[in-house]
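# Observations on chain architecture
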Amino acid sequence: MKTFKEILENRHAYAKSWKAKTGRKVLGFYDTYFPEEVAYAAGLMPVRILAEHEADDVTDRLMYGNCYCTRDMLNQFARGRYDYIDGLVSIESCQWWYNAFDTTLIMFPDLFSHYLFTPDYLDARTSKDVMRSELSVFAERLEEWLGTKITDEKLDDAINVYNKNRALLRRIYELRRFDTPVILGSETMEIMLANQVMDKAEANVMLESLLSDIEKREPYQDCVRLMLLGSETYDVSLERLVESLGANVVVDELDNGTGCIANDVIPLKDRLMAIGLRYLGKPHSALKDSIWRRRQERIFQLYEDWQADGVIIAKQIYCHPHGTDMYAVWKLLRERNIPYITFERDTTLPQEETRLAVEGLISQIEPGRTRIAGWSRSGAKTG
Ligand code: SF4
């Protein structure tokens, strides 16, 4: 547990030491639709660019009106935090990510860069071939850049490593379904975030050992169980605040939570098609759920399977994918009498305001309203 936390906190040092150890390159990406397996098969370590909060005197004139996470991503490049990144990829996704990508390349034109089109209408008949062709172009660009060949054997190895990684993370989420879970929401999100900046083969070894340790842990007490929705998250301050109030985030429907571990690559002779199908078939993000909406039912299923008592929707200010999707989520929650709160944040968490809102949500949740019994307001198990 401690190792994941340390890697997350020292992620730049981790990547630099990985480069020194392996002599290989690091590729930055933004969105969880990025097909990491292809980059991994080329010998790269894909690293997700994560936002944090740092004083910013750069982005106001370059990215005014963007969400604060993407502004901070540019800010961190400008400050030299990502000086070990060799290349950057953006996919067809949120326009603010694209703006961060584009503006970073203006500042650092020598980076390898690629724009990968992932269809916006994931379920269209032509999307499979479009995705397959985009992956093939991407693979060729990597081969040319690195002077290597992405063979079927390398793709198989990458697919196995990534499938195993997702399966191990799903086991951690399964442990959170217990009435008395052995792992907290903040601990899980720390693992999820660290995993996104690590070599997945190494992460798998650490996850296996962690799973065997946490399954032996004394469980935490049964308490109010909350679900987290909204824009992707980059720290665990919200989960910790919830825990300080005697509740626990037991499940999420976030792009960098359940959204990135739900499905695997099913092996096929055409490896690139298999990888493409996995990304087209993963749970729709808010941005790509625009035709036949699927997210609402998925949210409800997760809510029921993890026996949540209420929902927190935390949206980033200026996040248009989640802003435009919100009405449909609210409709579902209202129709099914699910207690919820919605608030906006940036790369910081307004502690006192959020504390009041979460306290208000917890006070709405009474035994019998959502789950018949099993917890008390004090957090003690009632049997
Ligand atoms: S928080 Fe929203 S607007 Fe910002 S990058 Fe993520 S999806 Fe895009």
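You'll find the structure just up there.
Overview of the structure. (Residues numbered from 1 in each chain as written. Predicted model: local features only at pLDDT ≥ 70, side-chain atom pairs only at ≥ 80, totals over all residues.)

### As for the sheet that holds strand E1 (residues 26-29)
Taking strand neighbours across the sheet as the criterion, the 4 strands line up as E2-E1-E3-E4 in an open arrangement whose pairing is parallel. Of all strands in the sheet, those bounded by a partner on one side alone are strand E2 (45-48) and strand E4 (112-116). Across the sheet, the axes of successive neighbouring strands diverge by a mean angle of 25°, strand direction being ignored. Pairing geometry for strand E3 (residues 87-91) and E4, over 5 bridges, is parallel. (Pairing = 2+ DSSP bridges. Helix = DSSP H or I, 4+ residues; strand = E, 2+ residues; numbered from the N terminus. Axes fitted to C-alpha atoms, helices over the stretch in contact; angles between N-to-C directions.)

### Here we look at the site of the ligand
Around the ligand lies a shell of 13 residues, among which Cys67, Cys94, Ser231, Gln316 and Cys319 are the nearest. For the shell around the ligand, the secondary structure elements donating two or more residues are helix H4 (68-78), helix H5 (95-107) and helix H13 (320-335). The dominant element in the shell around the ligand, judged by the number of residues it contributes, is H13, at 3 residues. Among the residues forming the shell around the ligand, the class breakdown is 7 nonpolar, 5 polar and 1 charged. (Near = placed C-beta within 6 Å. Nonpolar A, V, L, I, M, F, W, Y, C, P; charged D, E, K, R; others polar.)

### Concerning the nonpolar core
Counting 106 residues, the largest nonpolar core has Val38, Leu226 and Met227 as the members making the most contacts within it. With 8 residues, helix H7 (residues 152-175) is the largest single contributor of residues to this core. When sequence neighbours within four positions are dropped, the list of residues in contact with Met227 reads Val251, Asp252, Leu302, Tyr303, Trp306, Ala308 and Val311. (Core = buried A, V, L, I, M, F, W, Y, C linked by C-beta atoms within 7 Å. Buried ≥ 20, exposed ≤ 12 C-beta atoms within 10 Å, placed from the backbone. Contact = placed C-beta atoms within 7 Å.)

### Notes on helix H6 (residues 127-146)
Its 20 residues give H6 an end-to-end C-alpha distance of 28 Å, which sits within 8% of 28 Å, the value for a rise of 1.5 Å per residue. For H6, the set of buried residues is Met131, Glu134, Leu135, Phe138, Ala139 and Leu142. Axial view of H6: buried residues confined to an arc of 140°, hence all on one face. What points out from H6, more than 90 degrees from its buried face, is the exposed set Asp129, Val137, Glu140 and Glu144. Against helix H3 (36-41), E4 and helix H11 (271-281) lie the buried residues of H6. Just beyond H6, the residue with positive phi is Gly147, at close to 65°. (Expected span 1.5 Å × (residues − 1). Arc of directions from axis to C-beta.)

### Looking at the environment of Ala51
Summarising the element assignment, Ala51 is placed in the loop between E2 and H4. The sequence separation of Ala51 and Leu135 amounts to 84 residues, and the corresponding C-alpha distance is 27 Å. Residue contacts for Ala51: discarding those within four places in its chain leaves Cys69, Asp72, Met73, Tyr234 and Thr347.

### Details of the packing of helix H10 (residues 237-244) against helix H14 (residues 351-364)
It is the contact of H10 with H14, at a shortest axis distance of 10 Å, that shows an interaxial angle of 50°. Between H10 and H14, the interaxial angle falls into the category oblique. Crossing of H10 over H14 shows right-handed handedness. Across the interface between the two elements, Leu238, Leu241 and Val242 from H10 touch Gln351, Thr354, Arg355 and Val358 from H14. Among the residues making up the contact of H10 with H14, the classes are represented as 4 nonpolar, 2 polar and 1 charged. (Parallel < 35°, antiparallel > 145°, perpendicular 65-115°, else oblique. Left-handed = near helix turned anticlockwise from the far one by under 90°.)

### Re the sheet that holds strand E5 (residues 224-230)
Strands pair in a sheet through their backbones, by hydrogen bonds, and they do so in one of two ways: parallel or antiparallel. One open sheet holds the 4 strands; their spatial order is E6-E5-E7-E8, and the pairing between them is parallel. Two strands lie at the open edges of the sheet, namely strand E6 (247-253) and strand E8 (340-345), each paired on one side alone. Strand after strand, the sheet turns through a mean of 30° between neighbouring axes, direction not considered. Sheet analysis places E5 next to E6, joined by 6 bridges and oriented parallel. Residue pairing for E6: Leu228 is matched across the bridge by Asp252. Against the sheet, H10 makes contact with E5, E6 and strand E7 (310-316), and its axis sits at roughly 145° relative to E6, the strand it touches most. Helix-sheet contacts for helix H12 (residues 295-305) involve E5 and E6, and the interaxial angle to E6 is about 145°.

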